[in-house]
Amino acid sequence: MALKGLDYFKFTPKTNCKACGKPTCMAFSMDVAAGKIEIGKCPHIKPEDLAKLSEASAPPMKTFKIGAGKAEFQIGGETVLFRHEKTFVSKSLYGVNVTGDNIDKALPELKKVDYVRIGERMFCEVINIEFTGDKGKFVDAVKKANAAERVLVLSCTDTAAAKEAVEICKANKPILNGANESNFADMSKIATDAGVLLGVSAKNLEALHDTVEKLEAAGNKNLILDVGTTSAKEAFANAVEIRRVALKGGDRTFGYPSIVNVGKLAKGNHEVELGLASIFTIKYGSIILLDSLDYAKALPLFGLRQNIFTDPQKPMKVEPGVYKLNGADEKSVCMTTVDFALTYFIVAGEIERSGVPTNLVITDAGGYSVLTAWAAGKLTAGSIAKYIKEQCGDKCKNQTLILPGKVSVLKGELEENLPGWKIVIGTNEAVGIVKFLKDFKG
Ligand code: SF4
């Protein structure tokens, strides 16, 4: 069971020396219990107690880095079952299933989905190469996929093929998804020697638990748990049970990220596949594998993921500043909006589509949308004028400012606060910005 603040407090010397960076031993203990600071930050706890407490205060789910370079990602490290309790920390990664037979067609296809949404690159992060019995084709497919700058999952229970494939791509930190009740010892050696994560599957949850215990006893704690492909119902129940047992039951044997192959569960039905991928994004697929990922699937899926894996305690904001778009300089017109990331990226995208050089002035509006920020007193004539006077002197000599149409009420006060500036009412909706700027005569 997870320890409480008082459990840790008993082991501190209660001198409030502040060496840990906290004002008191009690504050330190409460933060340790909340997972905000490591118990080892107090240099005065006895080594024998520290060993015991470190084990107890370790996160309930392990965190791993997989992939390399532009395709390096973190998985695991979750501490809550529901996003609203705190936040989810490692977004689900999406991948496609390929084999030695279709790799040449599949690789160009998966590169087609690649776009930016609210500052985040959306693309297929994982390639799952499945062993279909032909070692030569499998190894050849791994060589080709290894050059695609994606995380590779090697789905292979054949130890000879797995060993050869891992050797090819081990520098890019793939996942060897091939251990089961009968081959786990050999697969564990291949994965451990190569320094890669090992995927474990079993015929049911009890067998999976047993196999993980044996792997841990043999010293391998770099694991990811495959929730199975028998049926969607069973895979979902397994995913939920694994997460619940690890986080609420305190059973570290299941304290690993999970992998789910919705392509196999959907059996060729693309609508079902998309539905399952959505479900496992919410509960609790660390890596979700599909048979294909085109824009029709990617747009709803990546949008859902971005909503689920943002911290509900932090507004999605961009930094205040003067963003020079389309090659804008000090003679270009200025436009302002709020620092809410979604608003910023939509407005910036429309300005870019217009091709008109524009200085987009972003003030600190609390991370709210335009009307919410205005209603909350975060977007006022005073705040905009103050920012422009302090930050935009040399950058905006054009002295024309386009306001969001929804806060046209600020125009008069802004003209008073910014003598010499021309204040223009812009569009109510971002969709009108392209035409507005193209027609704008300054
Ligand atoms: S370093 Fe240890 S003894 Fe000092 S305040 Fe922190 S918890 Fe207390």
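Residues numbered from 1 in each chain as written. Predicted model: local features only at pLDDT ≥ 70, side-chain atom pairs only at ≥ 80, totals over all residues.

Draft legend 1. Region of the structure containing the overall build of the chain. Scanning the chain from terminus to terminus reveals 17 helices and 17 strands. Seen through its principal axes, the chain has C-alpha atoms that stretch 80 × 65 × 35 Å. Across the 442 residues that make up the chain, the buried fraction comes to 40%. Counting only contacts in the chain whose residues sit at least 6 apart along the sequence, the fraction spanning at least 24 positions is 63%. (Helix = DSSP H or I, 4+ residues; strand = E, 2+ residues; numbered from the N terminus. Buried ≥ 20, exposed ≤ 12 C-beta atoms within 10 Å, placed from the backbone. Contact = placed C-beta atoms within 7 Å.)

Draft legend 2. Focus on the sheet that holds strand β13 (residues 321-325). One open sheet holds the five strands; their spatial order is β13-β15-β14-β16-β17, and the pairing between them is mixed. Looking along the sheet, the strands with just one partner apiece sit at the ends: β13 and β17 (422-425). Put simply, the sheet's adjacent strands are angled 30 degrees from each other on average, direction ignored. Note that β13 and strand β15 (residues 358-362) share five bridges and pair antiparallel. Across the sheet, G321 pairs through a bridge with I362, a residue of β15. Most of the contacts of helix α13 (residues 341-354) go to β15, to which it runs at about 170 degrees, and overall it touches β13, β14 (333-337) and β15. (Pairing = 2+ DSSP bridges. Axes fitted to C-alpha atoms, helices over the stretch in contact; angles between N-to-C directions.)

Draft legend 3. Structural context of the domain arrangement of the chain. In terms of domain boundaries, the chain breaks down into domain 1 (5-57), domain 2 (63-308) and domain 3 (321-439). Placing the centre of domain 1 and that of domain 2 at their C-alpha centroids yields a distance of 36 Å. (Domains from an automatic or database assignment.)

Draft legend 4. The arrangement of the nonpolar core in detail. Residues L154 and L176 are the most contacted members of the largest nonpolar core, which totals 75 residues. Sorting elements by how many residues they give to this core places helix α9 (residues 232-247) first, with six residues. Leave out the neighbours within four places in its chain, and L176 touches L154, A162, V166, M187, I190, A191, V196, L198 and G199. With 35 residues, the next largest nonpolar core counts F340, Y344, I384 and L437 among its residues. (Core = buried A, V, L, I, M, F, W, Y, C linked by C-beta atoms within 7 Å.)

Draft legend 5. Representation of the site of the ligand within the structure. In the neighbourhood of the ligand, 13 residues make up the surrounding shell, with C17, A19, C20, C25 and C42 lying closest. Classifying every residue of the shell around the ligand by side-chain character gives seven nonpolar, four polar and two charged. (Near = placed C-beta within 6 Å. Nonpolar A, V, L, I, M, F, W, Y, C, P; charged D, E, K, R; others polar.)

Draft legend 6. Seen up close, the environment of T343. Mapped onto the secondary structure, T343 falls in helix α13. For T343, a count of 23 C-beta atoms within 10 Å gives the class buried. Taking the C-alpha atoms as reference points, T343 and A430, 87 residues apart in sequence, are found 8.6 Å from one another. Each residue touching T343, except ones within four places of it in the same chain, is listed here: T337, V338, S369 and V370.

Draft legend 7. Spotlight on the environment of E350. For E350, the location among the structural elements is in helix α13. Along the chain, E350 and V434 lie 84 residues apart, while their C-alpha atoms are 5.9 Å from each other. Every residue in contact with E350, bar those within four places of it in the chain, is listed here: A430, I433 and V434.

Draft legend 8. The sheet that holds strand β11 (residues 258-261), seen in detail. As summarised here, the arrangement of the eight strands in space is β3-β6-β7-β8-β9-β10-β11-β12, forming a closed barrel in which the pairing is parallel. The mean inter-strand angle of the sheet, taken between neighbouring strand axes irrespective of direction, is 25 degrees. Across four bridges, strand β3 (residues 93-99) lies against strand β12 (residues 287-290) in parallel orientation. Along β12, the bridge assignment pairs Y94 with I288. Sheet strands in contact with helix α6 (residues 159-169) are β7 (151-155) and β8 (175-179), and its direction is about 175 degrees off that of β7.

Draft legend 9. Spatial organisation of the packing of α6 against helix α7 (residues 184-194). Closest axis-to-axis distance for the α6/α7 pair is 10 Å, and the angle between their directions is 5 degrees. One finds that α6 runs roughly parallel with respect to α7. Together, T159, A162, K163 and V166 of α6 and D186, M187, I190 and A194 of α7 make up the contact between the two elements. A per-class count over the contact of α6 with α7 returns five nonpolar, one polar and two charged. (Parallel < 35°, antiparallel > 145°, perpendicular 65-115°, else oblique.)

Draft legend 10. Highlighting the packing of helix α5 (residues 135-146) against α6. For the pair α5 and α6, the least separation of the axes is 9 Å and the interaxial angle reads 20 degrees. Comparing their axes, α6 and α5 come out roughly parallel. Crossing hand, α5 versus α6: right-handed. Judged by residue contacts, K135, F138, V139, V142, K143 and N146 of α5 engage A160, A161, E164, A165, I168 and C169 from α6. (Left-handed = near helix turned anticlockwise from the far one by under 90°.)

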